[in-house]
Every structure is written in C-alpha cells, then in structure tokens.
Amino acid sequence: MTKNRKIKSATAMILMAIGIALIAIGYSLITRISGKGLDGFGTFILVILFMLSGAAIFVITLNIWLFGNLHKKYGLLMTIGIVIVGIFIVIYLTSEPFEVDISPTVMAKSLGGPVLPKSLAHWAAIDEIASEETIEILAVTAQERYGHPYFKIKYGNGKTGYFSGEHICADSEWVNGINAPCSTFDQQSSVKHYDRESNAEPIELVNRAATHLPGFWEIVDGDEEEPEILIISKEAANMGVFNNLGRRKRWYTDYRLHLEAISKTMMFIDFDRDYQDRFKDKFINPFVRFHIQRIDSLDLEVRKPLSGMHKPSENYSDEHKVIRYRRINVFEEPYTKNISPPIKAETIGGALLSESVQLNEMGQLAAGDPIELMAFTSTFNNGFPYFKIRTSDGRTGYMSGEYICANTKWITGVSNLCSSFEPRRTSGPVYSKSKEPSTDLIYRTYKYLPGIWEAVEDKGYDFENEPKLIFGKEAGDHAASIMSDVLGYPYYRLDFNDSSKMILFFINDEYPKGNRNPSFEISRIDVQKLEIYRYGNRYRYKRIEFD
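Let us look at the structure shown here. The residue count restarts for each chain, going from 1 along the sequence in the order it is written. In view of the model being predicted, local features appear only for residues whose pLDDT reaches at least 70, and side-chain atom pairs are presented and counted only at 80 or more, with totals across whole chains, interfaces and linings using the full set of residues. The basis for the side-chain values is all heavy atoms of the structure; hydrogens and waters are excluded.

## Notes on the sheet that holds strand 8 (residues 180-181)
Pairing between strands is defined by DSSP: at least two bridges between them are needed. Secondary structure elements are taken from DSSP: a helix is a run of H or I of four residues or more, a strand is a run of E of two residues or more, and numbering for both begins at the N terminus. Judged by pairing direction, the sheet is mixed, and its 6 strands sit side by side in the order 6-5-4-1-7-8 without closing on themselves. Looking at which strands have only one partner, the edges of the open sheet turn out to be strand 6 (159-164) and strand 8. Bridging between strand 4 (residues 134-145) and strand 5 (residues 148-155) involves 6 bridges; their strand directions are antiparallel. Residue Ala139 lies in a different strand from strand 5, and its bridge partner there is Lys152.

## As for the packing of aromatic side chains
Stacked, tilted and edge-to-face pairs are distinguished by plane angle, under 30 degrees for stacked and over 60 for edge-to-face with tilted covering the rest, among Phe, Tyr and Trp rings (Trp via its six-membered ring) whose centres lie within 6.5 Å. Following the criterion strictly, the structure yields 12 aromatic pairs and no others. The interplanar angle of 20° and the centroid separation of 5.0 Å between the aromatic rings of Tyr255 and Phe268 together place this pair among those described as stacked. With Tyr255 in strand 13 (residues 255-260) and Phe268 in strand 14 (residues 265-270), this residue pair connects regions lying 13 residues apart in the sequence. Judged by its relative accessible area of 21%, Tyr255 falls in the partly exposed class. The exposure class of Phe268 is buried, given its relative accessible area of 0%. Put simply, the rings of Tyr446, Phe471, Tyr489, Tyr492 and Phe520 pair up and form one aromatic cluster. Charge-over-ring contacts are defined here by two conditions on Lys NZ or Arg CZ: a distance within 6 Å of the ring centre and an angle within 35 degrees of the ring normal. Directly above the ring of Tyr539 sits Arg534, whose terminal nitrogen or CZ lies 5.4 Å from the centroid. To sort residues, take the accessible area from a 1.4 Å probe on protein chains only and compare it with the maximum for the residue type: under 20% means buried, over 50% means exposed, and anything in between is partly exposed.

## Digging into unusual backbone geometry
In this chain, Ser103 is followed by Pro104 through a cis amide linkage whose omega measures -5°. Going from Ser340 to Pro341, the amide bond is cis rather than trans, its omega being -5°. Relative to the helices and strands, Pro341 resides in strand 18 (residues 336-353). The residue Glu132 is not glycine, and still its phi comes out positive at about 75°. When you line up the elements, Glu132 lands in the loop between strand 3 (127-129) and strand 4.

Below is the structure:
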C-alpha cells in the first residue's frame, strides 16, 4: 500500500507546477471577466472549476510527495523545513514588488499595452489598456523592462495593476521612466532649444530634448576615444547611412530621458532590448550614457562622467568631459544628386516626409497621385532610396522609392511600373544591348519572367545539377507538390542598370525587405529563353510548360 503512494520527485514537481499554472491562469481569466455581470456568470463557474482542478492536482501531489517520499527519506524535521521554504517562495512570488508611492498621484495617458498582476508575469496579464485611455500613476517599482520601470496605476472603473512606462505618455506632468510627452501635449514651444538654464516646466524641457535628439551627429570637440558619429533613434539607424565607419560610429536605437528636476540634469539612458530578449526578459537596469547640457536643431553639447556610466539614482563623481556635436543633414550635398530635368511619375500610396533628417511625416499621398522626381539621395529605407519630390499642389518633400512607380521614364530606385503605363512595344525579346527605352524593357521582362525555368547545356556549369528557377507565387504553388531541387522567387522586383543595359533582379523578402544587392542580372529573355549572369558567370534556361 505504501509503495503505491510514492511518487518520483521530478514527476511531483511537474504535477505541482501544472497545478499552480492552472490556478494562475484561472485567476487571470477571472480578473478579465470581472464586472461583466450575468453575461460572464457561466464562464465564471467554468473558471472556478478550472482553478479547483489545479488546486486538487497540487494538494494531492504535494501530500503524496511529502509523506510518501520526503518524510521516509529525510525525516519529519527536514520535511517541515522544505514546506516552510516552499511557503516563503510562494509568498515572495505573489507579493507586491518594491515600490515608491508617487504623491500626489499623476494623471497620464496610455499608449496601449498589457496590465500585469503583482508578480509582473507577462504571461498572466490581467487586462489590456487601449491607446489614449487616461490612467492615474500611483507608484513606481524597482523593476524594469526595455529600460522603463513598471508603474502601479489605476485605470478603468477603479481597477489597479502594473503597467510598463514604455506604454505611458505624459499629458501635463512629467514622471521619470515613462516613454515621452503625449502627441496631445501642447508643443508650440517644442522648437526651442534645451539647456540646463531653461526656465520651463519639466515636461516641456523633456519634450524639447526629445524633439531635437533623433538623427545624425558628428563630433566637433572631443577626444579620440569618442565615436565620430552618433546615430540616435531606430529610424535613423534603419536608413543605413555611415555603414562604412565601423567602430567610429555609435548608435542608440532604444533610449529614454531622465530629468533630475532640482539640478535640471537631463540624463540620456540607453538600453538594448535585443540583449534583454536573448536573456528571456530578465530585468536589467540601464545606465546613464551622458548628460545633455544643451541641444537645438543644429548643436548638441553633453557631459560624460569620467567615472563611466552610472544608474540614474546613484551618486557620481562631478569630474567629467565636455563633448560637442553638430547635426548632419543627410539630404544635403554630397548625399543628394539632382535629376535634371525632373521626371514625371506617380505614387502607389505612401507618406510624404519633411525636408529634415528626422523625416517627419507631412501627409499621405494616394495611389495614382502625380509627382515629379527632383533628386535622389544616398539614404535608403527597405532597400529603396529616398527621392526628393514635388507634388501636384506644389509641395516638396521626400518619399521612398518603395512608394513610387514609373509611368513615362524609368529611373533606378523606383519600385515598379504604374498601372497607367502604356508600353510602345508589348512583345519581342529583351536584350542587354537593346537601344529601346528602358521602361519598355522592364515591362516585357515582368511579362515574360513568371513561370518555371530549367538550365540547358552550356559550358561553364553542370546544367544537370542546376536547380530550377521558379518566378512568381502562382508558379511556385503549381510546382511545389511535384518538383524538388528548385529556387523559388515568389516576390521580386526589377531595376535597370543603365551602364550595361542589364535588368537587375532583386529578391523582395520580408527580411530584409527590398534587398539592395541584386541576386543576378538578366541579359536576355523572351517567351522561351532566359539568360542571366550570376557572380560573373553566364547561365542559360528554357521555360518548362505544364499541361
């Protein structure tokens, strides 16, 4: 009888963990359906039964394990000690995190995100707050994620929970640790510069610094240990500018500002969410990288403590070095080349951006809106260059070639041909040495390419071992079940190399979207034959026809 009531320790741990998980999930579901009245009564009963089953699994397993295994193996005192330690662990996991009350409490707004229970367990989120919802900040905790602390908040009809500062914006009063001033915050004075002597409210000071920071900064006064270029903001980093500088650049894609109100010290805190993700959401405290002394649209002055990085709450040595930077506008020479005369084109729908390094959105252009291409830049987004354009109503700004199509003349860097494009010639082979307009060649290449192609015998490669090429999603779906050893290109785009008259073939994968490096060059194509150059070698193919 006694043998039958024994259970292995590993099995007991797994069963008790399952029981605790069922209880926690049930509790989370109850908090979600609370307040729904009779509409949620049936679900409430089912959740209670769900929790009771979890509790039964836990209690029965614990009883068998304690008195069938531990008691016989370690004795009564050791078993009691293990139980006490377990109780303390449960109390620790369910207790409120260390927190400091904010008095008086501060009203703010949500940017949208999950509300967590006391344990701050992400998988047990108890609610979801929509964007623009008003919340009340009650306290700040000592635990952080992605560089922002968790706040205890009140929301809805008096409900409380824990909310990451990443999902909170300041509407009228600044609290260190939240994301930024809200878009509804009055920004009439945001174009003013920030310095330590500025006489303004904390939220206004943070807003000034946050507005001017994103972009590219070049050092003008500092020692050789400092990077030559600062790249601040994720948008600036994604542009791919200054990729050839190596260690002479430093980028800050994730950061927040912390204002010490008494001394008006603006601390720049950076953190690495990729690092935190790799270590499974382990709470980490980011460090202050430098203190901002002054910043405007052109100049940035910072103080860097000689003692190195420090936490915002720590005392640090007053010894420091002053470093000065100036803004680089990547749209000024030598980064922009004029198109003369301007080329008429259309948009396929996309954002018109302002003439500044921050690329603030000026508005949306609809599909089919006529534009003029005035210049192209060396700045890329998703593999496409930015063009300086003029709209039909006379506005000028910047737009990614990803959202531009050609309807009269082809220009390298646009995404495709417009639906309104009318080719002069719709049939006939495409040759690399053709003297036809490049737009017509692009049109016919797009027309001929979709399908399945297999290599033909030629010197320079083993044609029997060359994989078949499949272009277009429809051809890929058709051949997937009946063919092997293939290279599939469901999504792609073409561009034109004017110097060699070759069509460049780019893969359009989701990552990276719109690769800047062509996969190969198409030197000839017609209904039945395809000739490409890959890594300087020529390959020939013929189309495979299916019934």
